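Examining the three-dimensional arrangement
This is what each chain is made of:
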Amino acid sequence: MFKKIARSYDYSLIGSIILLSLFGLVMIYSASSVIGPERYGVESDYFFQKQRIHLILGFILFAFFAFLPYKLYQTKKVLQTIFFGSVAVLALLFVIGHTSNNAQSWLKIGGMVIQPSEFIKLGMIIYLSAVYAKKQSYINNFNLAVMPPIIFLGAVCSLIVMQPDFGTALIIFLIATTVILSCGMGMKNIMKLVGILLALGLLISPLVLIKKDSIFTDNRMGRINSFLNPFEYEKGEGYQLVNSYIAIGSGGVTGKGLGDSIQKYGYLPEPHTDFIMAIISEELGIFGVGFVLLSLGFIVMKGYRIAGKCHDPFGSLLAIGITSMIGIQSFINLGGLTGLIPITGVPLPFVSYGGSSIFLLAISMGVLVNVSMFTKYENNYKYRIQETVTPTGEELPGSKRFSVK
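A few points on the structure. For clarity, every value in this text was computed on a predicted model and none was experimentally measured.

1. Some details on the environment of Phe-227
- Mapped onto the secondary structure, Phe-227 falls in helix α11 (residues 218-228).
- Taking the relative accessible area as the measure of exposure, Phe-227 reaches 24% and is therefore partly exposed.
- Along the backbone, Phe-227 and Gly-339 are 112 residues apart, and their C-alpha atoms lie at a distance of 6.1 Å.
- Discounting chain neighbours no more than four positions away, the residues touching Phe-227 are Leu-241, Gly-339, Leu-340, Ile-341 and Pro-342.

Encoded structure:
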């Protein structure tokens, strides 16, 4: 039995996750080797060593959740914990939260600083997937099936916006949207949902105008201005984007060589986090960028393929949500550093430095791999049963059947 289950794991998916994470570790060392001593007064390998610890702990979390049956997350206790725990933790941030980058979004636990909203992304995916999977028999009943989870989503996003952290709230909303649109409701209900969102937009627009000074702060307007015309604001808000362009453009096809970036010498702020892809482009050229893009694309493709093969509605929605999270965060990060969208400070999955991000990805990928394992195991089991019996249920000569224990 154990051998059959072990053979059901998707090792190509596991291998791609490990390779991309190790590549990110190497690039974090290269990107942070200068700013560590100069800006933070630490050793050149400080961020490398911290990320190495993050990856070791992340691998332990990954292994645990890869073996833990994903169907356990459907239990009432787990869903209640997600529901009340998310609201409680977000409310607690307003009391004891640590402020960084003008957002009170962090909790200090011992020597670690954790961003709870990162883990709420996965919590929201699990909650919405479980609730909509249980409501499949009446999924087109808009009031009973569709709306209640959306009210919870709105409450969570509102608390995150109040921190204020618009970027994370937007990501959670977009991830949740992919799960909601995949739950099986008809086009009529989708149009109702769109109508409600438009009506809410009209209702809150006067509030936005009244509070415009607190919402459209100089920092946020600076990000929009730098997105629209970065070179006009190159000495201010557009500084990061302009230097990102320089890093990407100077790398060319082959790059300057690993460790030979110029932009990491104080020109590009935080090169080991949100703008690490610019350093990859500068040092390794199109080959380094291509490796990252192909690896992320492979992981996303695998995730959606797992969702398509899974016959369990909960497992399928879970895979869609987790995969969409990887795809959405990758697009927002890459779109920001290339000027396609305003910069939001979202890390690149598996590559950027950050403990909270790595732990979330490790747990999420463990859950996805477990969904893949159960899907492959159950599909192989059903296929073999069909091959070894006749339409009347009699066993074919020479065939061997097995059962799940």
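2. What about the environment of Ile-60?
- Structurally, Ile-60 is set in helix α4 (residues 46-67).
- Spatially, the C-alpha atom of Ile-60 lies 9.7 Å from that of Phe-359, the residues being 299 residues apart in sequence.

3. Overview of the packing of aromatic side chains
- With the rule as written, the count across this model stands at 13 aromatic pairs.
- Site record: aromatic cluster; members linked through ring pairs are Phe-83, Phe-84, Tyr-127 and Phe-152.

4. Structural notes on the packing of helix α6 (residues 116-134) against helix α7 (residues 142-161)
- Contact geometry for α6 and α7: axes closest at 10 Å, N-to-C directions at 175°. Between α6 and α7, the angle is such that the two are roughly antiparallel. Contacts from Ser-117, Ile-120, Met-124, Tyr-127, Leu-128, Val-131 and Tyr-132 in α6 reach Ala-145, Val-146, Pro-149, Ile-150, Phe-152, Leu-153, Val-156 and Ile-160 in α7.
- A class-by-class count of the residues in the contact of α6 with α7 yields 14 nonpolar, 1 polar and no charged.

5. Thoughts on the layout of surface pockets
- There is about 440 Å³ of room inside the second largest pocket.
- Contributing to the lining of the second largest pocket are 16 residues, with Ile-82, Phe-119, Ile-120, Leu-122 and Gly-123 lying nearest its centre.
- Those elements that provide at least two residues to the lining of the second largest pocket are α5 (76-96), α6 and α15 (355-388).
- The residue inventory of the lining of the second largest pocket, partitioned by class, reads 12 nonpolar, 4 polar and no charged.

6. Topic: the nonpolar core
- With 99 residues, the main nonpolar core has Tyr-132, Val-292, Leu-318, Phe-350 and Met-365 as its most contacted residues.
- Contacts of Leu-318, omitting those with residues within four sequence positions, involve Tyr-70, Tyr-73, Ile-125, Ile-126, Ser-129, Val-367 and Val-371.

7. Observations regarding the side chain of Ser-356
- Structurally, Ser-356 can be placed in helix α15.
- For Ser-356, a relative accessible area of 8% gives the class buried.
- At 3.1 Å, the side chain of Ser-356 forms a polar contact with the backbone nitrogen of Gln-115.
- Contacts of Ser-356, omitting those with residues within four sequence positions, involve Val-113, Ile-114, Gln-115, Glu-118 and Phe-119.

8. Considerations on empty space enclosed by the protein
- Counted by the stated rule, this structure contains 4 cavities of 30 Å³ or more.
- Counted as a void, the largest cavity has a volume near 60 Å³.
- If you go around the largest cavity, the residues you meet are Asp-274, Phe-275, Ile-332, Asn-333, Gly-336, Leu-337, Ile-343, Thr-344, Gly-345 and Val-346.

9. Digging into a nonpolar patch on the surface
- Among the surface-exposed residues, Leu-170, Phe-173, Leu-174, Ile-196, Leu-197 and Leu-200 lie close enough to one another that they form a single nonpolar patch of about 460 Å² accessible area.
- Elements represented by at least two residues in the nonpolar patch include exactly α8 (166-181) and α9 (187-210).
- Tracing the backbone shows Leu-200 in helix α9.

Criteria and cut-off values
In this convention, every chain numbers its residues from 1, walking through the sequence in written order. For a predicted model such as this one, the threshold for reporting local features is a pLDDT of at least 70, and the threshold for listing and counting side-chain atom pairs is 80 or more; totals across whole chains, interfaces and linings nevertheless cover every residue. Water and hydrogen atoms were dropped before computing side-chain values, which therefore reflect all heavy atoms in the structure. Strands here mean DSSP runs of E at least two residues long; helices mean DSSP runs of H or I at least four residues long; both are numbered from the N terminus. Accessibility here uses a 1.4 Å probe with only protein chains present; expressed as a share of the type maximum, an area under 20% marks a residue as buried, one over 50% as exposed, and anything in between as partly exposed. Pairs of residues are marked as contacts when any of their non-hydrogen atoms sit within 4.5 Å. To pair, rings of Phe, Tyr and Trp, with the six-membered ring standing in for Trp, must have centres within 6.5 Å; the planes then decide the type, stacked if under 30 degrees apart, edge-to-face if over 60, and tilted in the middle. Geometry is summarised by axes, namely lines fitted to C-alpha atoms with helices restricted to the contacting stretch, and by angles between N-to-C directions that run from 0 to 180 degrees. If an angle is under 35 degrees, it is roughly parallel; if it is over 145, roughly antiparallel; if it lies from 65 to 115, roughly perpendicular; otherwise it is oblique. Residues are grouped as follows: Ala, Val, Leu, Ile, Met, Phe, Trp, Tyr, Cys and Pro are nonpolar; Asp, Glu, Lys and Arg are charged; every other residue, Gly included, is polar. Cavity and pocket criteria rest on a 1 Å grid covering protein atoms alone: a 1.4 Å probe that fits but cannot get out defines a cavity, protein on both sides within 12 Å along at least 5 of 7 lines defines an open pocket, and an atom within 4 Å of a point defines a lining residue. Grid points are joined across faces, edges and corners, and a volume is the space filled by probe spheres set on the points. Among buried residues, the Ala, Val, Leu, Ile, Met, Phe, Trp, Tyr and Cys ones that are joined through side-chain atoms within 4.5 Å form a nonpolar core. Under this definition, polar contacts are N or O atom pairs within 3.5 Å; protein pairs additionally need one hydrogen-donor-capable and one acceptor-capable atom, and for neighbouring residues in sequence, both atoms have to be side-chain atoms. Each patch is built from salt-bridge-free residues with over 30% relative accessible area, joining like charges within 9 Å and nonpolar side chains (Val, Leu, Ile, Met, Phe, Trp, Tyr) within 5 Å. Computed with a 1.4 Å probe, the accessible areas rest on the Shrake-Rupley method; for each residue, only the protein chains presented here act as cover. A side-chain nitrogen of Lys or Arg and a carboxyl oxygen of Asp or Glu constitute a salt bridge if their distance falls within 4 Å.

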